[in-house]
Amino acid sequence: MKKSILLVVGLLIVFAFTACSSNGTTNEAANIASETEPSLQEQNKDFDEDYMTMYYADQFLTTQNDTLPKKAENGCYYFVELRSGTRYIYRLTSAEFAKSCQSSQLWTQSDENFTWNYGTRFVNLDTLTGFEGGVFTQIYQNYIYVYGENQNLIYKINCDDPEDVTTIRLTFAPHCFFFYDDKIYYVLSIEPTVENQPDHIAIYQSDLNGSNTKTVIDGADGFANAKNDEIYHVYASSGYLYFILRDDGFQSNVFLYCRCRLDGTEKEVWRVFDGLSSLAVNDKYVASLTMSYDDEVLSGLSLSVKIFDVQNLSEIKSFSVTLDEDIAESVLLFPFMYVGNTIVSDLLGYTDTGNLSQEISINTDTESINISTYDGLLVRPAHDERFTLKVTGDDSFITAYYEKIVS
């Protein structure tokens, strides 16, 4: 049974792997001031969809997987389906998805065939793209962006019209990408062209059609002591990009909290931590999360949380929460989402009895932690929704369905 569940869940999870210009101005002081404060348009915008795409991209950077489904502005849910021999994007209306949860039969699979019980085939990826290997999808402003492994090409598909397809041709192959304030940000770890040379990190920016591509950062230059080949937890907020780089010391375990302007200027390392660390960002605050270890037993004892103002990086508060030892070593290997006053992370774990997931929720007001365990694979199709994927059956016949989590 375990083998069957792992196979099914593994198929549902889509695996992936893997210019800085400053315009001259006659009024430099005014220009810096305008960049420091977010525009009125930015202040009034709802960034929930943007932060969901950052969360999905962070999953690639940290766990190398992308958990579907994803929800579009039209209320429909979109899945990449791999089991039927041909790769499709399926679409389910909100009503169909709700019904599939109630009936506990989203899809079934036997030794002979695979059946999708709800929804419709929206796009045949094999016919459309010709991609081989994994794909990475993002949904933004009612478009599906489909990227193929090791490709310099992204397909942009209208969520309401599968015939409305445009292509974004790139001069690079991104590891992943996300959206912020109507721009695409591509995160790269470029394989070297010279043998025995390290990878090369970069972040590029373009508009939503892939035009006006600019280099944000090219390597670790400008971030003191940073390695050039490892980048983690890339988020954007209020005119800045935030991310973590690793110190360049031999076998270093020192992590550097970095930020720069959205155009790559004003690079700085604003925090250094010796040990495992993570980052969570929303439109008001930046949170650093670091682990304290017992050197003798090598197990986590506590998680230190520091909250900073997203504009001036002044420290708002600092506190620690206690973790269970069985999850302490893996908690910072997964991305965090910062929603309101809560920082959450979904831990996906496999046990002898099947697939169990744990959600860690940290309340920054009460400075407390809550850990919940769910039977199934935790999924967040939208900023305000949570489901568990549950799989039942045996090696000959399997049924999979989603169960909505009511907070």
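Everything below is about the structure shown above.
Residues numbered from 1 in each chain as written. Predicted model: local features only at pLDDT ≥ 70, side-chain atom pairs only at ≥ 80, totals over all residues. Heavy atoms only, no water.

Caption draft 1: Structural context of the nonpolar core. Within the largest apolar cluster, 60 residues are counted, with the highest numbers of intra-cluster contacts made by Phe178, Tyr186, Leu241 and Phe243. Ranked by size, the runner-up nonpolar core spans 44 residues in total, among them Phe79, Tyr88, Phe97 and Phe336. (Core = buried A, V, L, I, M, F, W, Y, C linked by side-chain atoms within 4.5 Å. Buried < 20%, exposed > 50% of the residue type's maximum accessible area, 1.4 Å probe, protein only.)

Caption draft 2: The arrangement of the sheet that holds strand E19 (residues 254–261) in detail. Ordered in space as E17-E18-E19-E20, the four strands form an open sheet in which the pairing is antiparallel. Across the chains shown, the open sheet's two edge strands, defined by having one partner strand only, are strand E17 (226–237) and strand E20 (268–274). Recorded for the sheet is a direction-independent mean angle of 25° between the axes of neighbouring strands. With six bridges connecting them, E17 and strand E18 (residues 240–247) associate as antiparallel partners. From the neighbouring strand, Tyr232 faces E18, where its bridge partner is Ile244. (Pairing = 2+ DSSP bridges. Helix = DSSP H or I, 4+ residues; strand = E, 2+ residues; numbered from the N terminus. Axes fitted to C-alpha atoms, helices over the stretch in contact; angles between N-to-C directions.)

Caption draft 3: Region of the structure containing helix H4 (residues 48–63). Taking 1.5 Å of rise per residue, the 16 residues of H4 would be expected to cover 22 Å, and the 22 Å separating its terminal C-alpha atoms lies within 8% of that figure. Taking burial as the measure, the 16 residues of H4 include 13 buried ones, the bulk of the element. Downstream of H4 by a residue or two, Gln64 has a phi angle that is positive, lying close to 60°. (Expected span 1.5 Å × (residues − 1).)

Caption draft 4: Expanded view of unusual backbone geometry. Even without a glycine there, the phi angle at His233 is positive, about 50°. By secondary structure assignment, the location of His233 is in strand E17. Its relative accessible area of 3% is what places His233 among the buried residues. At Glu367, a position not held by glycine, the phi torsion is positive, near 55°. By the secondary structure assignment, Glu367 is in the loop between strand E27 (354–363) and strand E28 (368–375). The exposure class of Glu367 is partly exposed, given its relative accessible area of 34%.

Caption draft 5: Layout of the layout of surface pockets. For the second largest pocket, the calculated volume is near 400 Å³. Along the walls of the second largest pocket sit 20 residues, with Asp48, Glu49, Lys71, Glu73 and Ala382 positioned nearest its centre. At the level of elements, H4, strand E3 (70–71) and strand E9 (135–140) are the ones that each hand at least two residues to the lining of the second largest pocket. When residues of the lining of the second largest pocket are assigned to their parent elements, the largest contribution, six residues, is made by H4. (1 Å grid on protein atoms, 1.4 Å probe; cavity = no way out; pocket = protein on both sides within 12 Å on 5 of 7 lines; lining within 4 Å. Points joined across faces, edges and corners; volume = space filled by probe spheres on them.)

Caption draft 6: Highlighting helix H5 (residues 94–103). Those residues of H5 that fall on the buried side of the exposure criterion are Phe97, Ser100 and Cys101. Seen from one end, H5 has its buried residues packed into an arc of 100°, which puts them on one side. For H5, the exposed residues lying more than 90 degrees away from the buried face are Ala95 and Gln102. Elements in contact with the buried residues of H5: strand E4 (77–81), strand E5 (88–92), strand E30 (387–393) and strand E31 (397–404). (Arc of directions from axis to C-beta. Contact = heavy atoms within 4.5 Å.)

Caption draft 7: Focus on the pattern of salt bridges. The full count for this structure, using the stated rule, is 17 salt bridges. For the salt bridge of Asp346 with Arg380, the shortest nitrogen-to-oxygen distance reads 2.6 Å. Residue Asp346 is located in strand E26 (residues 342–351), and its partner Arg380 is located in the loop between strand E29 (377–379) and E30; the two are separated by 34 residues in the primary sequence. Exposure remark for Asp346: the relative accessible area of 6% places this residue in the buried category. (Salt bridge = Lys/Arg side-chain N within 4 Å of Asp/Glu carboxyl O.)

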